[in-house]
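Close look at the chain arrangement
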Amino acid sequence: MSKIFYLNLPQIPEEIYTKLIETCYSTVLSEHSRLWVHDFHRGELVVAGHEYGTILLDDSLAEDLNLIYKDFFPDEELFFVTGRISNVVGQKSMSPPHCDRKRKLAINYLLKTGGQQVSTCFYNERRSTPTLEAAENRYYKDLTVDFKEIIPEKTWHCYDVQTFHSVNDIETDRFLFSIILRTTNPSIEEFSLKYKNLM
């Protein structure tokens, strides 16, 4: 289901927002990974630095977030992560098409957009491998664009991350915060049935 759903969840309080921004700034980007993706796309794309879920939030911050959001997701163990996509090459860059590892669904809060016209692009194609243990990349010319959307800053949203997607036209730093539903890891279809009150 290729669509972005905006969610009725509470805004992140300013004090926690500041700590999450600091966490994102402290995330070290792997140049080795960036160059691998660059080479995968035959040097034809300007690839951004990208790290997701590599820093564990400190316990007190995770507890504060759990208190705010746990009641919206009963019977779920919540796990919280941050992500950073940064322009490290001095020209508009992108996080090329991929399907995420481990999770079926992104529940994201955009902390910082990374530019005026940064869009999330969705493609018609879906993951081809049955396992979720690794991300799946595909050469961008082998995919067909479905739609693009500019997601506003400080908004909760969700979408299917087993459909190929990319993030385009990154000018600075794009920071995001995610809630992962560890107990059920629902698909977008399962989530939209169970949590239609949030959509």
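Heads up: the structure comes first, above all this text.
Residues numbered from 1 in each chain as written. Predicted model: local features only at pLDDT ≥ 70, side-chain atom pairs only at ≥ 80, totals over all residues. Heavy atoms only, no water.

Examining the packing of helix H1 (residues 14-26) against helix H3 (residues 59-69)
At a minimum axis distance of 11 Å, the contact between H1 and H3 shows a crossing angle of 135°. Judged on the interaxial angle alone, H3 and H1 are oblique. Where H1 crosses over H3, the handedness of that crossing is left-handed. Along the contact surface, H1 presents Ile16, Lys19 and Leu20, while H3 presents Leu61, Asp64, Leu65 and Ile68. (Axes fitted to C-alpha atoms, helices over the stretch in contact; angles between N-to-C directions. Helix = DSSP H or I, 4+ residues; strand = E, 2+ residues; numbered from the N terminus. Parallel < 35°, antiparallel > 145°, perpendicular 65-115°, else oblique. Left-handed = near helix turned anticlockwise from the far one by under 90°. Contact = heavy atoms within 4.5 Å.)

A look at the environment of Asn8
Mapping Asn8 onto the fold places it in the loop between strand E1 (5-6) and H1. The class of Asn8 is exposed, set by a relative accessible area of 52%. In this structure, the C-alpha to C-alpha distance between Asn8 and Asn66, residues 58 residues apart in sequence, is 16 Å. (Buried < 20%, exposed > 50% of the residue type's maximum accessible area, 1.4 Å probe, protein only.)

Some details on empty space enclosed by the protein
As enumerated under the stated definition, the model contains 1 cavity of 30 Å³ or more in all. One number sums up the size of the largest cavity: a volume of about 50 Å³. If you trace the largest cavity, you find it lined by Arg103, Leu105, Ile107, Ile179, Ile180, Leu181, Asn185 and Pro186. If you list the elements that add at least two residues to the lining of the largest cavity, you get strand E5 (105-112) and strand E11 (173-181). When residues in the lining of the largest cavity are grouped by element, the largest group, 3 residues, is from E11. Tallied by class, the residues present in the lining of the largest cavity amount to 6 nonpolar, 1 polar and 1 charged. (1 Å grid on protein atoms, 1.4 Å probe; cavity = no way out; pocket = protein on both sides within 12 Å on 5 of 7 lines; lining within 4 Å. Points joined across faces, edges and corners; volume = space filled by probe spheres on them. Nonpolar A, V, L, I, M, F, W, Y, C, P; charged D, E, K, R; others polar.)

Considerations on the sheet that holds strand E7 (residues 136-137)
One key point about sheets: their strands pair by backbone hydrogen bonds, in either a parallel or an antiparallel sense. Judged by pairing direction, the sheet is antiparallel, and its 5 strands sit side by side in the order E7-E4-E10-E6-E8 without closing on themselves. Edge strands, defined here as strands with exactly one partner in the open sheet, are E7 and strand E8 (145-149). The pairing of strand E4 (residues 93-99) with E7 spans 2 bridges and is antiparallel. Residue pairing for E7: Cys99 is matched across the bridge by Glu136. (Pairing = 2+ DSSP bridges.)

Let's talk about the pattern of salt bridges
Across all of its chains, the model carries 9 salt bridges by this definition. Put simply, Arg84 and Asp173 hold a salt bridge, and the shortest N to O gap is 3.4 Å. Here Arg84 is found in strand E3 (residues 78-86), whereas its partner Asp173 is found in strand E11, with 89 residues between them in sequence. Considered together, Arg84 and Asp173 belong to a single accessibility category, that of buried residues. Note that Arg138 is salt-bridged to Glu136, the shortest N-O span being 3.3 Å. With a relative accessible area of 9%, Glu136 lands in the buried category. Salt bridges here are not isolated pairs; linked through shared partners, they connect Arg127, Glu136 and Arg138. (Salt bridge = Lys/Arg side-chain N within 4 Å of Asp/Glu carboxyl O.)

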